[in-house]
Amino acid sequence: MTTKEKSRVLEHQSLELLNQAVAIMEESFTNANLPSYDSSLDHEQTMQLQTVLNEVATRLKDNFPYPHPLYAGQMIKPPHVVARLAYTLALWFNPNNHALDGGRASSLMEKEAVANLALMLGFREHLGHLTSGGTMANLEALWVADRLHPGKTIVASSQAHYTHSRISEVLKIPFKSVPVDARARMDVAELESMLQSNDIGTVVVTTGTTATGSIDPLTEILELQKKYKFRIHIDAAYGGYFKLAENLSDHARRVFDALGEADSIVIDPHKHGLQPYGCGCVLFKDPSVGRFYKHDSPYTYFSSNELHLGEISLECSRPGASAVALWATQKLLPMETNSLFAKNISTCRKTALDLCQKLMHDDRFTVPFEPELDIVVFAVKAQSASLSSEKAKEIFARAANAGLHLAVANLPAQFFKQKMPDINWDQDTIACLRSCLMKPEHQEWLPEIWGILTNSVLRNS
Ligand SMILES: *Cc1c(COP(=O)(O)O)cnc(C)c1O
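Model, not experiment: these values are computed from the prediction.

**Focus on the packing of aromatic side chains**
According to the stated counting rule, one finds nine aromatic pairs in the structure shown. Aromatic pair tyrosine 66 and tyrosine 71: ring centres 5.1 Å apart, planes at 75 degrees, arrangement edge-to-face. Classification of tyrosine 66 as partly exposed rests on a relative accessible area of 22%.

Next up, the structure:
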């Protein structure tokens, strides 16, 4: 694993597989009733293409090393090779999943892939589709929520993704933030006192917050729902795939087993689903909400009386290639318990727990709580919150220089006060180190990660 060994970070042998697959697609033209047409490039065109491509490759070198196991910072990892290849294959047709007229095969593949996600998350019936990402998926869910409870307030925890308050602003829906407890979970008592005002239409439950991977107490919120009758939307953009993990805490297990009781769910295949960016998904339990999307397009839906995805989606043109890539990934790596896909998700959580153990046994660091998913956050011990924050940023920079890429997150002091009672709380947030251990390879590389991290702590601290 040393840097001296030959490295092959960017797999490319698989590119050869594309030739045969493209030849198979070509058959659709040889069998079609079309005159011959040749799109081959001549020598000069090929040379020009190469010049530009090489320039692009040179430009792209200016990036953090996302595909390497020592990149353990933000929620970023390259797609699975099968997603990369299937996406590329689809580009020869460039299907548009807005309508069957624009993408017949890829629309069907989208319906199948989305049905698999719905099944995995626990919806027996569903209406859903892919989106450009979690933001658009959440926007559709909140839009539908507002159609059903017009004028009522939407609430999400103070640790929910900022997209919810911003979307509510865009949609002109009243929005309130619910305080969290010391484990960054929505505080149910606070929620209940807000519900007593009777103006809350929808509660957004985050199962895997973006900063710390914390999981709101869905089962208690479902109990409150019986009394106060509100809609539950689950933001599982990051956490959704952890439903398949075999090593969750009891709390997380209860929540993931109850996902199917919510009214809508968002999951991002481009986060933990091994997909290229541009792949989110929104799912509704009640298919009849499709009525809200109703519109008449004068020029779109003519090839078939079957459901066109554009009839149940706010975005119009959408990449069929995204659906093709997701479908291919699910084919190679079925989303079943005990599958390789599930094992890899479990491995990510195990790596986070292992790193957490090491941090807890090292008196230079403070871990606020055990990770629920694969995100670990930790503070650096110091006399004050401001000094601790400074040290975290220094370690972040030193580790990056030594090849280990972490992230920094500003978290409320509330998460740390119990564990760091003696320090001077001169500010109400603390800059912490944050690591998303979302590659299964992080497990094998943990000794390396730990070595660089501890070496990056300044000697005099
Ligand atoms: C990433 C994320 C979002 C936003 O999704 P995008 O795909 O970045 O648009 C929303 N909610 C949560 C919990 C997320 O982790």
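Having seen the model, we can carry on.
**Structural notes on the site of the ligand**
Taken together, 13 residues are adjacent to the ligand, and Gly134, Thr135, Asp235, Asp268 and Lys271 come closest. Histidine 270 places a side-chain nitrogen or oxygen 2.7 Å from an oxygen atom of the ligand. Those elements giving two or more residues to the shell around the ligand turn out to be α5 (134-148) and α10 (269-272). Counting residues per element, the shell around the ligand draws most heavily on α5, at three residues. By residue class, the composition of the shell around the ligand is two nonpolar, eight polar and three charged.

**Section: the pairing of strand β5 (residues 231-236)**
Of all six residues in β5, six are buried; the element is thus mostly enclosed. Between the parallel pair strand β4 (residues 200-206) and β5, the chain is carried across by helix α8 (residues 218-228), and the sense of this crossover is right-handed. Across four bridges, β5 lies against strand β6 (residues 264-267) in parallel orientation. By the bridge assignment for β6, aspartate 235 is matched with valine 266.

**Considering the pattern of salt bridges**
As enumerated under the stated definition, the model contains ten salt bridges in all. With its nearest N and O atoms 2.9 Å apart, the salt bridge here joins glutamate 110 to arginine 318. With glutamate 110 in helix α4 (residues 104-121) and arginine 318 in the loop between β7 (280-284) and α11 (320-332), this pair connects stretches of sequence that are 208 residues apart. Arginine 318 matches glutamate 110 in its accessibility class, with the two residues each being buried. One salt bridge in this structure joins lysine 226 and glutamate 223, with 2.9 Å as the shortest N-O distance. With a gap of three residues between them, lysine 226 and glutamate 223 both fall in helix α8, about one helical turn apart.

**Remarks on the domain arrangement of the chain**
Considered domain by domain, the chain is made up of domain 1 (104-332) and domain 2 (340-460). Taking only C-alpha atoms into account, the centre of domain 1 sits 29 Å from that of domain 2. Across the contact, 32 residues belong to domain 1 and 21 residues belong to domain 2. A buried area of about 2,200 Å², summed over both sides, lies between domain 1 and domain 2, and 62% of it is on carbon and sulfur atoms. Applying the counting rule to domain 1 against domain 2 returns one salt bridge. In this structure, glutamate 372 engages arginine 185 in a salt bridge whose closest nitrogen and oxygen atoms are separated by 2.6 Å.

**A short note on the environment of leucine 41**
Along the chain, leucine 41 turns up in the loop between α1 (17-30) and α2 (43-60). Look at leucine 41 and you get partly exposed, because its relative accessible area is 48%. Sequence-wise, leucine 41 and methionine 335 are 294 residues apart; in three dimensions their C-alpha atoms are separated by 41 Å. Excluding residues that lie within four positions of it along the chain, leucine 41 makes contacts with Thr46 and Leu49.

**A look at the layout of surface pockets**
What the largest pocket holds in volume is close to 2,000 Å³. Residue lining of the largest pocket: 48 residues in total, with Val9, Leu10, Glu11, Pro67 and Pro78 positioned closest to the centre. Counting residues per element, the ones that place at least two in the lining of the largest pocket are α2, α3 (81-91) and α12 (340-360). Split into classes, the residues belonging to the lining of the largest pocket amount to 27 nonpolar, eleven polar and ten charged.

**Some words on the sheet that holds β6**
What the seven strands build is an open sheet, ordered β1-β7-β6-β5-β4-β2-β3; its pairing is mixed. The open sheet is flanked by β1 (127-131) and β3 (175-178), the only strands paired with a single partner. Taking each pair of neighbouring strands and ignoring which way they run, the sheet shows an average axis angle of 20 degrees. Sheet topology places strand β2 (residues 153-157) next to β3; four bridges connect them, and they run parallel. Bridge pairing in β3 links serine 157 to valine 178. Contacts from helix α6 (residues 163-171) reach β2, β3, β4 and β5 within the one sheet, and its direction differs from that of β3 by about 165 degrees. Along the sheet, helix α7 (residues 188-195) makes contact with β2, β3 and β4, crossing β3 at roughly 150 degrees.

**Description of the packing of α1 against α3**
In contact at an axis separation of 11 Å, α1 and α3 are set at 35 degrees when each is read in the N-to-C sense. Viewed along their axes, α1 and α3 form a crossing whose handedness is right-handed. The residues of α3 that touch α1, namely those facing Leu17, Leu18, Ala21, Val22 and Met25, are Leu85, Thr88 and Leu89. Of the residues contributing to the contact of α1 with α3, the split by class is seven nonpolar, one polar and no charged.

**Some remarks on the side chain of threonine 329**
Inspection of the secondary structure puts threonine 329 in helix α11. Taking relative accessible area as the criterion, threonine 329 reaches 3% and is therefore assigned buried. Setting aside anything within four residues of it in sequence, one finds threonine 329 in contact with Val82, Ala83, Gly273, Leu274 and Gln275.

**Focus on the nonpolar core**
With 58 residues, the main nonpolar core has Leu191, Val203, Leu218, Ile232, Ile234 and Tyr241 as its most contacted residues. Residue contributions to this core reach at least three from each of two domains, namely domain 1 (104-332) and domain 2 (340-460). Once residues within four sequence positions are removed from consideration, tyrosine 241 is found in contact with Leu117, Met120, Ile267, Asp268, Pro269, His272, Gly273, Leu326, Met335, Phe341 and Ile345. Membership of the second largest hydrophobic core comes to 25 residues, among which are Ala352, Ile395, Leu406 and Ile449.

The rules behind the values
- Within any chain, residue numbers begin from 1 and follow the written order of that chain's sequence.
- Under the rules for a predicted model, residues below a pLDDT of 70 receive no local features and side-chain atom pairs below 80 are neither given nor counted, while totals for whole chains, interfaces and linings still include all residues.
- Excluded from the side-chain calculations are hydrogens and water; all other atoms, namely the structure's heavy atoms, are used.
- Only centres within 6.5 Å qualify two rings of Phe, Tyr or Trp (six-membered ring in Trp) as a pair; their planes then separate them into stacked at under 30 degrees, edge-to-face at over 60, and tilted for everything else.
- Only protein chains enter the area calculation, which uses a 1.4 Å probe; residues under 20% of their type maximum are buried, those over 50% are exposed, and those in between are partly exposed.
- To be near a molecule or strand, a residue needs just one of its heavy atoms within 4 Å of it.
- Distance and chemistry together define a polar contact, namely a pair of N or O atoms within 3.5 Å, with one atom able to donate a hydrogen and the other to accept it when in protein, and with adjacent residues in sequence counting only for side-chain atoms on both sides.
- Secondary structure elements follow DSSP: runs of H or I no shorter than four residues count as helices, runs of E no shorter than two count as strands, and numbering proceeds from the N terminus.
- Polar here means any residue other than Ala, Val, Leu, Ile, Met, Phe, Trp, Tyr, Cys and Pro, which are nonpolar, and Asp, Glu, Lys and Arg, which are charged; Gly is therefore polar.
- Note on handedness: a crossover is taken as right-handed if, strands pointing away from the viewer, the path from the first strand over the helix to the second is clockwise.
- Here a strand pair is declared whenever DSSP counts at least two bridges between the two strands.
- Salt-bridge detection follows one rule: a side-chain nitrogen of Lys or Arg within 4 Å of a carboxyl oxygen of Asp or Glu.
- What marks off one domain from the next here is an automatic or database domain assignment.
- Two residues form a contact once any of their heavy atoms are found within 4.5 Å.
- Accessible area that two parts lose when put together, evaluated with a 1.4 Å probe and summed over both, is termed the buried area.
- A cavity, in this analysis, means grid points on a 1 Å lattice covering only the protein atoms where a 1.4 Å probe fits yet has no way out; a pocket is instead an open set bounded by protein on both sides within 12 Å along at least five of seven lines, and a residue lines either one if it has an atom within 4 Å of a point.
- Grid points are joined across faces, edges and corners, and a volume is the space filled by probe spheres set on the points.
- Note on definitions: angles span 0 to 180 degrees between N-to-C directions of axes, and those axes are lines fitted to C-alpha atoms, for helices only across the stretch in contact.
- If you view the pair so one helix is near and one far, a crossing is left-handed when the near helix is turned anticlockwise from the far one by less than a right angle, and right-handed when it is turned clockwise.
- Here, the term nonpolar core denotes a set of buried Ala, Val, Leu, Ile, Met, Phe, Trp, Tyr and Cys residues that are joined through side-chain atoms within 4.5 Å.

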